[in-house]
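# Tertiary structure, described
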Amino acid sequence: MRLVIALGGNALLHKNERPEADIQHQRVKNAARLIAREIQKHELVLTHGNGPQVGLLALQAEACKAVKAYPLDLLDAESAGMIGYLLVQELHNQLLAYPVRKQPVALLTQVVVDRNDPAFARPDKPIGGFYPITERDRLIAETDWDFAETADGLRRVVPSPAPLEIVELETIRLLFAQGRLVICAGGGGIPAARNQLGQLEGIAAVVDKDLSSALLATELGVDRLIMLTDVPAVYNHWRQENPIAIPRMSVNEARQYHFSAGTMAPKVEAACRFVEATGKEAQIGSLDRLDKIIAGQSGTLITS
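Below or above, wherever it landed, is the structure these notes cover. (Residues numbered from 1 in each chain as written. Predicted model: local features only at pLDDT ≥ 70, side-chain atom pairs only at ≥ 80, totals over all residues. Heavy atoms only, no water.)

Moving on, we get to the overall build of the protein. In terms of regular secondary structure, the protein is built from 10 helices and 17 strands. The C-alpha radius of gyration of the protein comes to 19 Å, within 12% of the 19 Å expected for a compact globule of 304 residues. Along the longest, intermediate and shortest principal axes, the C-alpha atoms of the protein span 55 × 45 × 40 Å. Per-residue burial over the protein gives 50% buried out of 304 residues. The long-range share in the protein, meaning contacts at least 24 apart out of those at least 6 apart in sequence, stands at 73%. A total accessible area of about 14200 Å² is found for the protein, and carbon and sulfur atoms account for 50% of it. (Helix = DSSP H or I, 4+ residues; strand = E, 2+ residues; numbered from the N terminus. Rg over C-alpha atoms; globule rule 2.2 N^0.38 Å. Buried < 20%, exposed > 50% of the residue type's maximum accessible area, 1.4 Å probe, protein only. Contact = heavy atoms within 4.5 Å. Areas by Shrake-Rupley, 256 points an atom, 1.4 Å probe, with all protein chains shown as cover.)

The phi torsion at Ala185 lies on the positive side, around 50°, for a residue other than glycine. Position of Ala185 among the secondary structure elements: in the loop between strand E9 (181-183) and strand E10 (190-194).

What follows concerns the nonpolar core. Grouped together as the largest cluster of nonpolar side chains are 41 residues, with contacts concentrated most on Leu216, Leu220, Leu225, Val234, Met249 and Val268. Elements supplying a minimum of two residues to this core: strand E1 (2-7), helix H6 (169-177), helix H7 (209-220), strand E12 (224-229), helix H8 (251-254), helix H9 (264-278) and strand E16 (281-286). With seven residues, H9 is the single largest residue contributor to this core. Setting aside residues up to four positions removed in sequence, Met249 forms contacts with Val234, Ala254, Tyr257, Phe259, Val268, Thr300, Leu301, Ile302 and Thr303. The next biggest cluster of nonpolar side chains, apart from the first, holds 27 residues, and it includes Ala31, Ala36, Ile183 and Leu287. (Core = buried A, V, L, I, M, F, W, Y, C linked by side-chain atoms within 4.5 Å.)

Let us now look at the pattern of salt bridges. What the rule picks out here adds up to 13 salt bridges. Between Arg136 and Glu149 there is a salt bridge, with its nearest N and O atoms 2.8 Å apart. Here the residue Arg136 occupies a position in helix H5 (residues 136-142), and Glu149 occupies one in strand E6 (residues 146-150), the gap between them amounting to 13 residues. Given a relative accessible area of 52%, Glu149 falls into the exposed group. Salt bridges linked by common partners bring Arg255, Glu269, Arg273 and Glu276 together as one network. (Salt bridge = Lys/Arg side-chain N within 4 Å of Asp/Glu carboxyl O.)

For H9, with 15 residues, the first-to-last C-alpha span of 21 Å sits near the 21 Å given by 1.5 Å per residue. Of all the positions in H9, only Met264, Pro266, Lys267, Val268, Ala270, Ala271, Cys272, Phe274 and Val275 are classed as buried. Backbone geometry just after H9 places Gly279 at a positive phi near 75°. (Expected span 1.5 Å × (residues − 1).)

Time to look at the sheet that holds strand E8 (residues 165-166). In space, the four strands of this open sheet follow the order E8-E4-E10-E11, with mixed pairing throughout. Edge positions in the sheet fall to E8 and strand E11 (200-202), since each of these pairs with one other strand and no more. Sheet topology note: the strand E4 (residues 110-112)/E8 ladder contains two bridges and is antiparallel. Directly across from Val111, in E8, lies its bridge partner Ile166. (Pairing = 2+ DSSP bridges.)

Next up on the list: the sheet that holds strand E17 (residues 300-303). The strand order across the open sheet built from eight strands is E3-E9-E2-E1-E12-E16-E17-E15, with neighbouring strands paired in mixed fashion. On the outer flanks of this sheet lie strand E3 (104-106) and strand E15 (248-250), each paired with one strand and no other. Strand-to-strand twist in this sheet, taken as the mean axis angle between neighbours without regard to direction, amounts to 20°. When E3 meets E9, the two strands line up parallel, connected through three bridges. Across the sheet, Pro104 pairs through a bridge with Leu181, a residue of E9. (Axes fitted to C-alpha atoms, helices over the stretch in contact; angles between N-to-C directions.)

We now examine the environment of Lys125. Of note, Lys125 is situated in strand E5 (residues 125-131). Looking at Lys125, the relative accessible area reads 18%, which means it is buried. In the structure, Lys125 is positioned 93 residues away from Thr218 in sequence and 23 Å away in space, judged by C-alpha atoms. Those residues in contact with Lys125 that lie beyond four places of it in its chain are Arg156, Val157, Val158, Ser160, Val206 and Asp208. Here Asp208 takes part through its side chain, which lies 3.1 Å from a polar atom of the side chain of Lys125. (Polar contact = N/O pair within 3.5 Å; in protein donor to acceptor, adjacent residues only side chain to side chain.)

If you want it as structure tokens, here you go:
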């Protein structure tokens, strides 16, 4: 099968883990080990999130008062380059043990958004770590950031406009057709808007990785979109006393549930968009069960 596999930020860095280089490297190594097995049987394009990583870069940028902090689009590019490098290196190493050794390549990817997207007026994309709710006043006084209250504490939120166009699509298509293992649309892609002359200009936002992955999967015409995170499936009544795993649901059923806006809701919406656009299927599940997800034995399957 031809697959787009989206690695969630939580799949690459577990909740409440410190986003340190050694920890991140170990998580990427584990992901590469699992993905390398599937490369022997399927043609893959990989995308990945960047929420924890871009949040850390933003904190580091704010800490240096000698220069103006870098805007989010540059931090998106930095985080995509860092994670892409780690994935390429570890996939190369893992594939040495297999007969099929597709050359992995990471491609910085720009994604066009509308500068008038309503998301810029209501930031809701969480990035970075969690802060105690008691720190709210201090954080607001020391930064110009927006924060949302979650079950785990405060988290910074930024605009997340809808992806409209993948600028490097034809390059991705060419590399995929040549049998390369393409890693692209890191962090949802680097957000850019077109000016009146059609020129690209970076814009301060973080595009949702799952929605960009759905757009990419649709444009590439792959057989299935798989979104990986740190939970085994989509759950109804998540974080309540008796959460119920949903093994299968149609697009209509999916849109009747209420999922968390910062975590599962974008994945379900991305799955629905891919299914509606292509008539094919999408899956959501845990990275460590990737083989079982592909075999239809784990995760949540979204159908038309």
